[in-house]
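Structural overview
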Amino acid sequence: MSFRTDMAKARGLGSAKDGTHHWVSQRLTAIALIPLTLAFLYPFATSLGSGYEAVRETYQNPIHALVAILTFLVMFRHLRLGIQIVVEDYVHGPRLRAGLLITNALIWRGFAVIGIFAVAKIAFGA
Amino acid sequence: MADGKQVERPLSPHITIYRPQLTSMLSIVHRITGVGLALGAVLIVWWFLAAATSPAYFAYVDGLLTSVIGLLILVGSLWAFWYHFFNGIRHLRWDAGKGLGIGESARSGWRVVAFSLVFTAASIWLVTGGSLGA
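Let us look at the overall build of chain A. Within chain A, the secondary structure is distributed over five helices and zero strands. Seen in sequence order, chain A has helices and strands lined up from the N terminus as α-α-α-α-α. For a compact globule of 126 residues, the expected C-alpha radius of gyration is about 14 Å, and chain A comes in at 20 Å, more than 25% above that figure. Out of the 126 residues belonging to chain A, those deemed buried represent 25%. Counted over contacts in chain A with a minimum sequence separation of 6, partners at least 24 positions apart contribute 74%.

What follows is the structure, given as structure tokens:
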């Protein structure tokens, strides 16, 4: 039996005041991804199956490397924001929901760093 | 209300009783393609990591992605990309307050479907130089 009042239980559990920033970031990254994905797609698609040396030569070109790095940076932010909404809309069990939201908040930042590191390593010829 | 009893209010019709319609189907496909593309993004990062690791590891990962199953996944991702791309632009237009009418949002929806298919075919043709699967 709790003697806490309903008001005391509700206080501090309102909006996180983060919604507008989320909404704006989702759209800004979407707009940035229009040119970025278009510039990323062709060199990437033609590099598939072209062999180790050819791929490394392509991404030692600073333009291709920078486009790939910027694409990863923006794309993983965009998809982290998007999947967060999908989890918030469809996953209702408190434990699973919290677990997925925490995983989502961390894992895509990790993939972005891995991708950027890989492209940078190729670009610098290491 | 002050007596603490639950008030029996009418509920608005729940989503499951609605007939599926173009706009709602396109909306859920936007989410599905978005989640699918996240997995495609992981494959792409894996491929770059392999190219940054060693010739042998790259040959392994590149071989997986250009196998029949790998290419099916990539072509599926390519369609998902074009769909999400054009439907994303449709959403940005809506966010700008344009194209929100019932008729025009259905028309722009069909345009998204058509563009996604045409651009998938055109980009496969462009990348393979017309020699499909080679």
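As a further point, take the overall build of chain B. When helices and strands are tallied, chain B shows four helices and zero strands. Along chain B, from the amino end to the carboxyl end, the secondary structure elements read α-α-α-α. Computed over the C-alpha atoms, the radius of gyration of chain B is 22 Å, more than 25% above the 14 Å expected from 2.2 N^0.38 for a compact globule of 134 residues. Overall, the C-alpha framework of chain B stretches about 75 × 40 × 25 Å when taken along its three principal axes. In chain B, which comprises 134 residues, the proportion classed as buried is 20%. A separation threshold of at least 6 residues defines the contact pool for chain B, and within that pool the share at least 24 residues apart is 64%.

All names here are of chain B. Their axes nearest at 9 Å, the elements helix α1 (residues 22-51) and helix α4 (residues 102-128) cross at an angle of 45 degrees. Here α1 lies oblique to α4, going by the angle between them. Between α1 and α4 lies a crossing of left-handed hand. Listed contacts from α4 to Leu-22, Thr-23 and Leu-26 of α1 are Ser-105, Ala-106, Gly-109 and Val-112. Across the contact of α1 with α4, the residue classes tally to four nonpolar, three polar and no charged.

This part covers helix α3 (residues 68-95) of chain B. The end-to-end C-alpha distance of α3 of chain B, which contains 28 residues, comes to 40 Å, matching closely the 40 Å that a straight helix rising 1.5 Å per residue would cover. By the burial criterion, the buried members of α3 of chain B are Leu-78, Ala-80, Phe-81, Trp-82, Tyr-83, His-84, Phe-85, Asn-87 and Gly-88 of chain B. As for α3 of chain B, its buried residues are in contact with α2 (19-47) of chain A together with α1 and α4 of chain B. Looking one or two residues past α3 of chain B, Gly-97 of chain B carries a phi angle of roughly 85 degrees, positive in sign.

With 24 residues of chain A at the interface, the matching set in chain B holds 23 residues. At the level of secondary structure, the elements contributing two or more residues to the side of chain A that touches chain B comprise α2, α3 (52-60), α4 (62-90) and α5 (94-123) of chain A. Looking at which element gives the most residues to the side of chain A that touches chain B, the answer is α5 of chain A, with seven residues.

What follows covers the packing of α4 of chain A against α5 of chain A. Between α4 of chain A and α5 of chain A, the least distance of the axes is 9 Å, while the angle of their chain directions is 175 degrees. Considered as vectors, α4 of chain A and α5 of chain A are oriented roughly antiparallel to each other.

Formed by 40 residues in total, the largest nonpolar core has its most connected members in Phe-76, Leu-79, Ala-118 and Val-119 of chain A together with Ala-41, Phe-48 and Ala-51 of chain B. At the level of secondary structure, the elements contributing two or more residues to this core comprise α2, α3, α4 and α5 of chain A together with α1 and α3 of chain B. Residue contributions to this core peak at 10 residues, all from α1 of chain B. Beyond its immediate stretch of four places on either side in the chain, Val-119 of chain A contacts Tyr-59, Ala-65, Ala-68 and Ile-69 of chain A together with Phe-48 of chain B.

For chain B, per-residue confidence averages 91 on the pLDDT scale, and 94% of positions sit at 70 or higher. Listed scores for the predicted complex are pTM 0.88 and ipTM 0.88.

Residues and elements named next belong to chain A. Structurally, Ala-65 is set in helix α4. With 19 C-beta atoms counted inside 10 Å, the residue Ala-65 sits in the partly exposed group. Here Ala-65 is in contact with Tyr-59, Val-119 and Ala-123, once residues within four sequence places are set aside.

Each value, and the rule that gives it
- Residues numbered from 1 in each chain as written.
- Chains lettered and ligands numbered in written order.
- Predicted model: local features only at pLDDT ≥ 70, side-chain atom pairs only at ≥ 80, totals over all residues.
- Helix = DSSP H or I, 4+ residues; strand = E, 2+ residues; numbered from the N terminus.
- Rg over C-alpha atoms; globule rule 2.2 N^0.38 Å.
- Buried ≥ 20, exposed ≤ 12 C-beta atoms within 10 Å, placed from the backbone.
- Contact = placed C-beta atoms within 7 Å.
- Axes fitted to C-alpha atoms, helices over the stretch in contact; angles between N-to-C directions.
- Parallel < 35°, antiparallel > 145°, perpendicular 65-115°, else oblique.
- Left-handed = near helix turned anticlockwise from the far one by under 90°.
- Nonpolar A, V, L, I, M, F, W, Y, C, P; charged D, E, K, R; others polar.
- Expected span 1.5 Å × (residues − 1).
- Core = buried A, V, L, I, M, F, W, Y, C linked by C-beta atoms within 7 Å.
- pLDDT = per-residue confidence, 0-100.

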